[in-house]
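Coordinate inspection notes
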Amino acid sequence: MSINLTNVTYIYSKGTPFESQALKGVSLNIEPGEIVAIIGHTGSGKSTMVQHLNGLLTPETGKVTIDDVDISGKSLEAKKARQMVGMVFQYPEHQLFAETVYEDIAFGPRNKGFNPDEVEKAVREGMAFVGLDFETFKERSPFQLSGGQMRRVAIAGIVAMNPDYLVLDEPSAGLDPRSRDAVFAEIMNLHQKRKIAIVLVTHSMEEAVKYADRLLVVNKGKLLFDGKPAEIFKEHTQELVDIGMDIPETYKLAALLKSKGLNVPEGLKDAKELAKAIKKAKGWK
């Protein structure tokens, strides 16, 4: 089972003076269980791309399939295929709508035909997974929560539907460092426990290299690079700079230290790994 985009093109406001081609013949596969980061500057097409993964947008040309099922169809099979992909948008307050946290999280399971007992079980599991106490939060309005808590409710609503793929569009946007780390800890825990595939749209090079095992670089509606983050950041540094992107700060510092004669490895994921590498290179304990 995989998500396949085949020569996907998408045009906004077609036939008007505001016509804009957001995707230009994009083809790619997303496999079960992998963690994929998508980067690109604002307007590159990355958010448009991920909205095709569960049928929120339909290609102008080309097609999107999940397990060989064209998700643009109206059949029950196509509907079930679309439900394999859960999406958390950049700002969860745009995604939350119910009067209580319980009702918001319960919407997806009910829509999938769960009976009342199954719905409550799914809500409890979803809330437990993101660290929200059921009794404390179930009757609260989601709109009275903090930004980090709202994001957790949005993720819980997706978790409750038990999807095979989770798409997160800028999940750390607007969060303080502690809330950001907590949200990513829950995302990685979900990946490890359920082997769910994660598709992460981000502006942060640090997030991309720390969490993803595959990196997609999108520019002007085209898929520019597709590969391991360390390889792309190493082999295409100048091309990334040319399109207004950058490389992670840890990579820059590691390269600088190496140029000064300090033997530190390439492809370090974060500052902790770099600090350990420096200690080892220096012979510190």
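Above this note sits the structure.
Residues numbered from 1 in each chain as written. Predicted model: local features only at pLDDT ≥ 70, side-chain atom pairs only at ≥ 80, totals over all residues. Heavy atoms only, no water.

Moving on, we come to the overall build of the protein. Per the secondary structure count, the protein includes 12 helices and 10 strands. Since a compact globule built from 285 residues should have a radius of gyration of about 19 Å, the 20 Å found for the protein is in line with a globular shape. Taking the principal axes of the C-alpha coordinates as reference, the protein spans close to 65 × 50 × 35 Å. Put simply, the protein has 285 residues, and 49% of those count as buried. Here the analysis covers contacts within the protein between residues at least 6 apart in sequence; of these, 61% occur between residues at least 24 apart. Only carbon and sulfur atoms are counted for the fraction: they give 50% of the accessible area of the protein, which is about 14400 Å². In the protein, the 37 positive side-chain charges and the 38 negative ones have mean positions that sit 5 Å from each other. (Helix = DSSP H or I, 4+ residues; strand = E, 2+ residues; numbered from the N terminus. Rg over C-alpha atoms; globule rule 2.2 N^0.38 Å. Buried < 20%, exposed > 50% of the residue type's maximum accessible area, 1.4 Å probe, protein only. Contact = heavy atoms within 4.5 Å. Areas by Shrake-Rupley, 256 points an atom, 1.4 Å probe, with all protein chains shown as cover. Lys, Arg positive; Asp, Glu negative; His and termini not counted. Charge placed at Lys NZ, Arg CZ, Asp CG, Glu CD.)

The subject of this paragraph is the sheet that holds strand E10 (residues 222–227). What the 6 strands build is an open sheet, ordered E6-E7-E8-E3-E9-E10; its pairing is mixed. Only two strands of the sheet have a single partner each, and these edge strands are strand E6 (85–88) and E10. Neighbour-to-neighbour, the strand axes of this sheet turn through a mean angle of 20°, independent of strand direction. Alignment of strand E3 (residues 35–39) against strand E8 (residues 197–201), held across 4 bridges, turns out to be parallel. In the sheet register, Ile35 faces E8, and the bridge partner there is Ile198. Packing of helix H6 (residues 147–159) onto the sheet brings it into contact with E6 and strand E7 (165–169), and relative to E6 it is tilted by some 175°. On the sheet, helix H7 (residues 177–194) packs against E3, E7 and E8 and is oriented at approximately 150° with respect to E8. (Pairing = 2+ DSSP bridges. Axes fitted to C-alpha atoms, helices over the stretch in contact; angles between N-to-C directions.)

What follows concerns the environment of Lys222. Note on placement: Lys222 falls in strand E10. Using a relative accessible area of 48% as the deciding quantity, one classes Lys222 as partly exposed. Sequence separation of Lys222 and Phe129 is 93 residues, and the distance between their C-alpha atoms is 36 Å. Those residues in contact with Lys222 that sit more than four places away from it in its chain are Lys24, Val26 and Val217.

Turning our attention to the pairing of E7. Burial within E7 is extensive, with 5 of its 5 residues counted as buried. Here E7 shows two buried faces, one formed by Tyr165, Val167 and Asp169 and the other by Leu166 and Leu168. Judged from the 4 bridges that link them, E6 and E7 form a sheet pairing that is parallel. When the sheet's bridge partners are listed, Gly86 is paired in E7 with Leu166. Taken together, the 5 bridges between E7 and E8 define a ladder with parallel strand orientation. When the sheet's bridge partners are listed, Leu168 is paired in E8 with Leu200. On the question of chirality, the crossover connecting E7 to the parallel E8 by way of H7 is right-handed. (Right-handed = clockwise from strand over helix to strand, strands pointing away.)

The next thing to look at is the layout of surface pockets. The rolling of a water-molecule-sized probe over the atoms marks out the regions of remaining empty space. Its boundaries defined by the atoms lining it, the largest pocket holds a volume of some 530 Å³. The set of elements that each furnish at least two residues to the lining of the largest pocket consists of helix H2 (76–82), E6, helix H3 (101–111) and H6. Ranked by residues supplied to the lining of the largest pocket, first place goes to H3 with 5 residues. Taken as a whole, the second largest pocket spans an internal volume of roughly 210 Å³. Looking at the second largest pocket, it is lined by 15 residues, and the ones nearest its centre are Lys234, Tyr251, Ala255, Glu266 and Gly267. Looking at the lining of the second largest pocket, the elements that each hand over two or more residues are helix H9 (229–235) and helix H11 (249–259). The greatest single-element share of the lining of the second largest pocket, amounting to 5 residues, is contributed by H11. Looking at the lining of the second largest pocket residue by residue, the class counts come to 9 nonpolar, 3 polar and 3 charged. (1 Å grid on protein atoms, 1.4 Å probe; cavity = no way out; pocket = protein on both sides within 12 Å on 5 of 7 lines; lining within 4 Å. Points joined across faces, edges and corners; volume = space filled by probe spheres on them. Nonpolar A, V, L, I, M, F, W, Y, C, P; charged D, E, K, R; others polar.)

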